[in-house]
Amino acid sequence: MFPRRPPVGLAAWLLVGAAATGRAGARGGGLLALLANQCRFVTGLRVRRAQQIAQLYGRLYSESSRRILLGRLWRRLRGRPGHASALMAALAGVFAWDEERIQEEELQRSIDEMKRLEEMSSMFRGSGVDHHPPEPKSQTERDEDSGGKEQPWEMVMDKKHFKLWRRPITGTPLYQYRVFGTYTDVTPRQFFNVQLDTEYRKKWDALVIKLEVIERDVVSGSEVLHWVTHFPYPMYSRDYVYVRRYSVDEENNVMVLVSRAVEHPSVPESPEFVRVRSYESQMVIRPHRSFDENGFDYLLTYSDNPQTVFPRYCVSWMVSSGMPDFLEKLHMATLKAKNMEIKVKDYISSKPLEVGSEAKATTPSSERKSEGSCGPARIEYA
């Protein structure tokens, strides 16, 4: 079980006790009071200065200029724990998209992984395979010494239409997981849309406590989401703040969804949940024929640090059993949407910024619409 945090009032209670004990010596009590007053003064002064800076930049610079400035400050301070997040929160709560948006290179890497597996498709035929076969390596990877090499993939589950591997993440007690699977009774479009539709997931995933889009980036179409999910009793619920981006390439008949954890100033850590700060997920879908015909292969690569105190083998068991269960729930939700004609937003036909207006979109001020015209231009359903 994740250890409970001490109540906020405990620190105050300890200070009161120390003050009471020090009453026997007036000098000790006076020093303690002086120190407390000094801390309050310095903290208040820094907060006021941050507010004044934010107001000054708000008058002098446009919103796009402020974002460039904050991006530069973020790059300088991101290596200093606590400083960057506090600065971003103070300066009008602006998210540094220049640093955190998912780039084209990240999407392409996931697609390349799928291509490599397709080139070695013979590994998915027959039985008795217990390890992931060697993958083609770049010249840089070949030049690295043995201490920097990634661990080989180990087969965890081998079924007809579902295969699961894992490998240790170097320098950590965690595993990275990889799933290769096939579905033949739903279309790629339906499966992809059900994954992206946050409102529909609240209905079919009973573990979801909260799931909402916080902000969108007009440049890349990336979105920041806040997701709170139940964990097995008696563990605390976990919450994730992550950025995601999807891409659909109809010419090359492939679609990809990439997500990873980020920090966002508008979603501070809550004492009610355990914040998961290490999380990555990449899914690539390859239709057998087209986006609207049944049948496709998918590749899911996943890792996170749930911050539990359980041994490594317990966490591995939970993930290894939970991932197939989640994918089956996702599959059943897609079937339900297909057979019962539940409306699911079509993210393939709509541009990323057209999928809804419930979240703040990051756009230059000249491109902002009036409040009366904030709805999507077109929404289609699958």
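The protein chain has the name StAR-related lipid transfer protein 7, mitochondrial in an unreviewed UniProt entry, where Balaenoptera acutorostrata is given as its organism.

Let us look at the overall build of the protein chain. Looking only at helices and strands, one finds 10 helices and 11 strands in the protein chain. Taking all 382 residues of the protein chain together, 41% fall into the buried category. Long-range contacts, defined as pairs at least 24 residues apart, comprise 62% of the intrachain contacts of the protein chain with a sequence gap of at least 6. Split by element, the accessible area of the protein chain, about 21,800 Å² in all, is 55% carbon and sulfur.

Grouped together as the largest cluster of nonpolar side chains are 42 residues, with contacts concentrated most on V179, F192, V194, I285, Y298, M323 and L327. Among the elements that line this core, the one with the most residues is helix α10 (residues 312-339), at 7 residues. Beyond its immediate sequence surroundings of up to four residues, I285 is in contact with P188, F191, F192, Q195, N253, V254, M255, F296, D297 and Y298. Within the second largest apolar cluster, 22 residues are counted, among which are L117, W165, V262 and L299.

Okay, the packing of aromatic side chains next. Both the distance between ring centres and the angle between the ring planes are used here to describe each pair of aromatic rings. Evaluation of the coordinates by the stated rule reveals 15 aromatic pairs. Ring centres of Y279 and Y302 lie 5.8 Å apart, and the angle between their planes is 70 degrees; this geometry places the pair in the edge-to-face category. Of the two residues, Y279 is situated in strand β9 (residues 279-287) and Y302 in strand β10 (residues 296-304); the sequence distance between them amounts to 23 residues. Joined through ring pairs, the aromatic side chains of W227, Y240, Y242, Y279 and Y302 make up one cluster. The ring of Y175 has R166 sitting right over it, with the charged end atom 4.2 Å from the ring centre. Directly above the ring of F231 sits R238, whose terminal nitrogen or CZ lies 4.7 Å from the centroid.

Once that is clear, we can look at unusual backbone geometry. The omega angle of the peptide bond from Y233 to P234 is 10 degrees, so this bond is cis rather than trans. For N253, which is not a glycine, the phi torsion comes out positive at approximately 60 degrees.

Attention now goes to the pattern of salt bridges. Counting across every chain of the model gives 22 salt bridges. The partner of R245 in a salt bridge is E104, and the shortest N-O contact between them spans 2.6 Å. One end of the pair, R245, is in strand β6 (residues 238-249); the other, E104, is in helix α6 (residues 104-119), and 141 residues separate them in sequence. For R275, the salt bridge identified is with D239, shortest N-O distance 2.9 Å. Note that R275 is positioned in strand β8 (residues 274-276) and D239 in strand β6, a separation of 36 residues in sequence. When sorted by exposure, R275 lands in the same class as D239, which is buried. Taken together, the salt bridges that share partners define one network made up of D98, R101 and D217.

A separate point is the side chain of R189. Note on placement: R189 falls in helix α8 (residues 188-196). At 2.5 Å, the side chain of R189 forms a polar contact with the side chain of D292.

On to the pairing of β9, then. With respect to burial, β9 is a largely interior element, 8 of its 9 residues being buried. Looking at chain direction, β9 and β10 are connected through 9 bridges and run antiparallel. By the bridge assignment, Y279 is partnered in β10 with D304.

With 16 residues, α6 should cover 22 Å at 1.5 Å per step; its first-to-last C-alpha distance of 23 Å lies within 8% of that length. Turning to α6, its buried residues number three or more, namely E106, L107, S110, I111, E113, M114 and L117. Axial view of α6: buried residues confined to an arc of 145 degrees, hence all on one face. Exposed positions of α6 whose direction lies more than 90 degrees from the buried face are R109 and E119. Buried residues in α6 make contact with β3 (175-183), β6, β7 (254-261), β9 and β10.

Another aspect to go through is the confidence of the model for the protein chain. Parts of the model with low pLDDT should not have their predicted coordinates read in detail. On average, residues of the protein chain score 74 in pLDDT, and 58% of them are at 70 or above. Per-residue pLDDT stays below 50 along residues 4-26; that stretch engages in 9 contacts with residues further than four places along the chain or on separate chains. With pLDDT under 50 throughout, residues 126-146 is counted as low confidence; its partners more than four residues away or in other chains account for 26 contacts.

What follows deals with the pairing of β3. Taken across its 9 residues, β3 has 9 buried, putting it largely inside the fold. Of the two faces of β3, the one lined by Y175, Y177, V179, G181 and Y183 and the one lined by Q176, R178, F180 and T182 are each fully buried. Taken together, the 7 bridges between strand β2 (residues 162-168) and β3 define a ladder with antiparallel strand orientation. Bridge pairing in β3 links F162 to G181. Taking the residues that link successive antiparallel strands as the turn, the β2-β3 hairpin has 6 residues, and the phi of G171 there is positive, at about 85 degrees. Relative to β10, β3 runs antiparallel, the two sharing 7 bridges. Looking across to β10, one finds that F180 is bridged to L299.

Reading guide: rules and limits
Here, residues in each chain are numbered from 1, in the same order as that chain's written sequence. The predicted nature of this model means local features are confined to residues of pLDDT at least 70 and side-chain atom pairs, given and counted, to a pLDDT of 80 or more, with totals for whole chains, interfaces and linings taken over all residues. As a rule here, side-chain values cover all heavy atoms of the structure and leave hydrogens and water aside. Under the DSSP-based scheme used, a helix requires at least four consecutive residues in state H or I and a strand at least two consecutive residues in state E, with every element numbered from the N terminus. Type-normalised accessible area, obtained with a 1.4 Å probe on protein chains alone, sets the label of each residue: buried when under 20%, exposed when over 50%, and partly exposed for intermediate values. We call two residues in contact when some of their heavy atoms are within 4.5 Å. In short, Shrake-Rupley with a 1.4 Å probe defines the accessible areas, and a residue's cover is counted only from the protein chains shown. What makes a nonpolar core is a set of buried Ala, Val, Leu, Ile, Met, Phe, Trp, Tyr and Cys residues whose side-chain atoms join them at distances within 4.5 Å. We call Phe, Tyr and Trp rings a pair once their centres come within 6.5 Å, taking the six-membered ring for Trp, and we label the pair stacked below 30 degrees between planes, edge-to-face above 60, and tilted otherwise. Any Lys NZ or Arg CZ that is within 6 Å of a ring centre and within 35 degrees of that ring's normal is treated as a charge sitting over the ring. We define a salt bridge as a contact between a side-chain nitrogen of Lys or Arg and a carboxyl oxygen of Asp or Glu at a distance within 4 Å. Two N or O atoms count as a polar contact when they lie within 3.5 Å, although within protein this holds only if one can serve as hydrogen donor and the other as acceptor, and sequence-adjacent residues are included solely when both atoms are side-chain atoms. At least two DSSP bridges between two strands are needed for those strands to be called paired. A helix is expected to reach a length of 1.5 Å times the quantity of its residues less one. By definition, the arc is the one covered by directions from the helix axis to the C-beta atoms. pLDDT expresses how confident the predictor is about each individual residue, on a scale running from 0 to 100.

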